[in-house]
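Examining the three-dimensional arrangement
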Amino acid sequence: MVVPATIATNAQAIDAELAWLEACLTVRFAQYGGQQKPAARDRGLPPPPPIEQTPGPYAAIVRQFAPLPAERLVLVLALAPYVAPALLDPFLLHNEATKRRFTEFGGYAGQAHAGFLPTGETAMFLLAGDDRAQRIAAEPLFAHDHPLVRHGTLILDHRHPDEPRLSMALRLSAAGLHALLHAHDYAPVPGPDFPATLLTTPLEWQDLVLDNATRRQIELIGLWIEHWKTLMGDWGLSRRLKPGYRCLFHGTPGTGKTLTASLLGKRFGLPVYRVDISRVVSKWIGETEKNLATLFDQAANRDWILFFDEADALFGKRTESQSANDRSANQQIAYLLQRLEEHPGVAILATNQHGYVDEAFSRRFQASIRFAMPDAKARRQLWQGSFESQGFALAPDVDFAALAEKYELAGGAIINVLRHACLMAIQRTPPIVHAHDLLDGIRRELQKDGHYISS
């Protein structure tokens, strides 16, 4: 297998960093075991390898987010289990007196991984040993606003809030690991660490049918995406405005809320992630906040658009705190408000029930945009645009103008009629869509809302 030069160069940089980590471990274990002379104990850890001119993604991230030796050491310690797990085997030593691992080493055992997994205490041991002053000085490295954490490269997983903070697991996010090893963009896989799915569309702006007032408000979002750096930086508005842009999309299902979010991302080259509310919300107290924190931490500073569909399920009106569940729900809303206001990117909350969204949220939106049901003219445009195809023909009895005038359907419902009509047409030779196919599809759509039309 031929290894590309860029990968080989990056591997050399990582190898040098791992060799430095090994040297630091050797010094620290020697000091811990009392094997060094007193004079040698004060020399500190070996200096890191030069990285100022080193090419590759690993060196680039180090220069940007972890320029200090202590920060570099924490980063390579978190990387070691992924690329050189045997390097941490010395931490698996057992204390003969207690018959368990040394408390000072921290760490934890994985479920399938046989090696040692570091925690904040592991990093603190490596950085400071038993030097109390150095330990206090190193505390800021484990803050959630540290650039490595804020950028989403490093995850400080404090699984048990009632235990000492440095018991937090020290690991890399999937995106962080990918960036260190490969540099190019990473599309997160939906899962416990990332409760969202990448949202894309093959459609274009001309396929989106909106009234002029709604379209003008959407254009304002685009202006913010395009010019926010100038506004906040060059114009100095960061002194007055909170970061990011928060929007509420509300209206009947199928009126274009999701498509609009997708097209905004497509126009400006920004990934749009649709948040899975069911994965975010947990019945366990504190878990919802943790899931939201993971999501926002990974989205921050990555130019992602977050799209919360059916947002009233999570951001609904707060209740009187009459039970532990009520208090927990209110805490979730308060936490979300805080994270939304701190989020530097675009966040779109979509709902079919505008009246169910808590007023505290409404006051914090830069835009509240109503997606109205299309009028007859817009419905005719939707019918004609949806049925443009080379795969089937339209029978002479198909009259889109009459359908648009008679039946109040949103764009999503018309697309469902298109699917039904095509399934009917594909059984024919040649494939032809008849008026009765459309009427049958319309009947099915109206029945969903409890409306019926005669045959």
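Coordinates for the structure precede this section.
We now turn to the structure provided with this report. Since the structure is predicted, the reported quantities are computational estimates derived from the model, not experimental observations. (Residues numbered from 1 in each chain as written. Predicted model: local features only at pLDDT ≥ 70, side-chain atom pairs only at ≥ 80, totals over all residues. Heavy atoms only, no water.)

Focus: the overall build of the protein chain
Our working rule: A run of H or I in DSSP counts as a helix once it spans at least four residues, and a run of E counts as a strand once it spans at least two, with each numbered from the N terminus. When a residue's accessible area, from a 1.4 Å probe over protein chains only, is under 20% of the maximum for its type it is buried; when over 50% it is exposed; and in between it is partly exposed. Residue contacts follow a heavy-atom distance rule, with two residues in contact if any of their heavy atoms lie within 4.5 Å. With residues, only the protein chains shown are counted as cover, and all accessible areas are computed by Shrake-Rupley using a 1.4 Å probe.
Along its length, the protein chain carries 19 helices and 14 strands. With 455 residues in all, the protein chain has 45% of them scored as buried. Considering only residue pairs separated by 6 or more positions, the protein chain has 68% of its internal contacts joining residues 24 or more positions apart. Accessible surface for the protein chain amounts to roughly 24,200 Å². Of this, 54% is attributable to carbon and sulfur atoms.

Some points on the pattern of salt bridges
Basically, it comes down to this: In what follows, salt bridge is the name for a side-chain nitrogen of Lys or Arg lying within 4 Å of a carboxyl oxygen of Asp or Glu.
As enumerated under the stated definition, the model contains twelve salt bridges in all. Note that Lys 242 is salt-bridged to Glu 341, the shortest N-O span being 3.3 Å. Of the two residues, Lys 242 sits in the loop between α9 (212–234) and β8 (245–251) while Glu 341 sits in helix α14 (residues 324–342), which places them 99 residues apart along the sequence. Linking Asp 440 and Arg 443 is a salt bridge whose minimum nitrogen-to-oxygen distance equals 3.2 Å. Residue Asp 440 and its partner Arg 443 are both found in helix α19 (residues 435–448); the two are separated by three residues, about one turn of the helix. By relative accessible area, which is 23% here, Asp 440 ends up partly exposed.

Overview of the packing of aromatic side chains
Our working definition: Aromatic rings from Phe, Tyr and Trp, taking only the six-membered ring of Trp, are treated as a pair when their centres fall within 6.5 Å; an angle between ring planes under 30 degrees marks them as stacked, one over 60 as edge-to-face, and anything in between as tilted. A ring is scored as having a charge over it whenever the NZ atom of a lysine or the CZ atom of an arginine sits within 6 Å of its centre and within 35 degrees of its normal.
Considering all chains together, one arrives at 19 aromatic pairs under this definition. On the basis of an interplanar angle of 85 degrees and a centroid distance of 5.3 Å, the ring pair of Phe 29 and Phe 105 is categorised as edge-to-face. With Phe 29 in helix α1 (residues 5–32) and Phe 105 in the loop between β2 (100–101) and β3 (108–109), this pair connects stretches of sequence that are 76 residues apart. Each member of the pair Phe 29 and Phe 105 is classed as buried. Centroid distance Trp 224 to Tyr 245: 5.6 Å. Interplanar angle 35 degrees. Geometry classified as tilted. In this pair, Trp 224 is assigned in helix α9 and Tyr 245 in strand β8, connecting sequence segments 21 residues apart. Comparing Trp 224 with Tyr 245 shows no difference in burial state: the two are buried. When the ring centre of Trp 20 is taken as reference, the NZ or CZ atom of Arg 72 above it lies at 5.5 Å.

Here we look at the nonpolar core
What counts, and what does not: For this analysis, a nonpolar core means a set of buried residues of the types Ala, Val, Leu, Ile, Met, Phe, Trp, Tyr and Cys, connected via side-chain atoms within 4.5 Å.
Of all hydrophobic cores here, the largest spans 49 residues; its most connected members are Phe 142 and Leu 154. Those elements that provide at least two residues to this core are α1, α3 (57–65), α4 (69–83), α5 (120–128), α7 (147–150), β5 (154–157), β6 (169–172) and α8 (174–182). The element best represented in this core is α4, accounting for eight residues. Counting residues in hydrophobic clusters, the runner-up holds 25 residues, among them Ile 218, Leu 264, Val 272 and Phe 371.

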